[in-house]
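An overview of the molecular structure
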Amino acid sequence: MCAMRVSSPKRILVAGCGTGPEAFALQKRFRDAEVVGIDFSSRSILQAKALQKRVLRGSPIRLRVGDLTNQKFMSSLGDFDFISCHGVLSYVPQPTRALRNISRCLSRDGALYLGVNSAAHFSVKGRPMLRALGLNVRTLPAERHLRRVLRLYDALAAETDSKTVKLPLNFLAGDLFGPLIHNLSLSRWIRLAQDAGLVFAGHYYAFKKVRFAINEGLLDILRPRSRAEVHMLIDHIDPCGFHQMAFSKRPSISPTWQQNLTVNLFAVMTSLYRIAPTRKRKLLHLKSLPTNTLVEIDSTGWEDQFLNRATGATTVGQIWRELPQRVAWEPLCKRLYLFYQLGLINFEKAS
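Residues numbered from 1 in each chain as written. Predicted model: local features only at pLDDT ≥ 70, side-chain atom pairs only at ≥ 80, totals over all residues. Heavy atoms only, no water.

**What about the sheet that holds strand β7 (residues 242-248)?**
With respect to topology, 7 strands assemble into an open sheet ordered β3-β2-β1-β4-β5-β7-β6, the strand pairing being mixed. Sheet topology places β3 (62-65) and β6 (199-203) at the edges, where each strand pairs with a single neighbour. Sheet twist, expressed as the average angle between the axes of neighbouring strands with direction ignored, equals 20 degrees. Where β6 meets β7, 4 bridges bridge the pair, whose relative direction is antiparallel. Of the residues in β7, the one forming a bridge with Val 199 is Ser 248. (Pairing = 2+ DSSP bridges. Helix = DSSP H or I, 4+ residues; strand = E, 2+ residues; numbered from the N terminus. Axes fitted to C-alpha atoms, helices over the stretch in contact; angles between N-to-C directions.)

And the structure:
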């Protein structure tokens, strides 16, 4: 989704780590990285430290109690190559202040993953329903009574296949009950992030949806929209309940797809995919470990040669001229737009 160039972060921050499972998973994946986990709850940090001591002896993870909205505390943490903040800001009273502090901790070439509730989150309907049925949404009621109320809700909400009555109690406590829940549209979350100095890079749900347009041969209708514009369009057409977004500090480059301008940009293959071998000559086989997906694209023979040259050291025009076979601009442009929307390549200007 994010398609950033940084593939092996040296410092990772889990902003709102809870009892530590995400921090532990990231440390296992990036063994040479320093992982820092912070959480507002001292009880959660104590549980995380107990688990670290009992199960993960010698783990270099640092776990601290801290407030995302406290600028002094956040500044003391230093810079990070990757920051993850999942399911936290929707419940923070001052998400704008927290985002600004997170942005200050993000390195210039780093990436932020942000997971937050959307305007289509199930609590948007759920909380008013609970109030109408006499429950106080600021306090978790007795579980037996709550389950009966949720059974009624599921029976009446025939338009959905989800069963809220089967959700774990801790999930219900966080997503239905509490003093506040920020359920904001994608455009609103992006504006808050932009105010904090962050640049929207992509949305995981929309990233997956793009492949439907590719499979139907309709991606060209979206050109020349940028990746961010396409993702916002998809969310407008088919909003999801939970936003999984990527941000950076570096402004993203979106080609105009006009030959005289695009050929002077530098092409960079991202770390999101690798070209996998295939016995089928007319297929480009792309494997993505971060997203656990496999993509096969019809190939005319030059695509893998272009991608192998897309290291950031050569412009689109130079790679184009050096291809062993002659390729017209329009089919090249069409295929590069597909690569760009897949997150397979990015573009940069000369420094």
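**Structural notes on the environment of Gly 317**
One can find Gly 317 in helix α13 (residues 316-322). Accessibility expressed as a relative area gives 1% for Gly 317, which makes it buried. Residues Gly 317 and Arg 227, 90 residues apart in the sequence, show an inter-C-alpha distance of 21 Å. (Buried < 20%, exposed > 50% of the residue type's maximum accessible area, 1.4 Å probe, protein only.)

**Describing the pairing of strand β13 (residues 345-348)**
Burial along β13 is two-sided: the face carrying Ile 345 and Phe 347 and the face carrying Asn 346 and Glu 348 are both buried. As judged from the 4 bridges shared by strand β8 (residues 266-269) and β13, these two strands associate in the antiparallel manner. Looking across to β13, one finds that Ala 267 is bridged to Phe 347.

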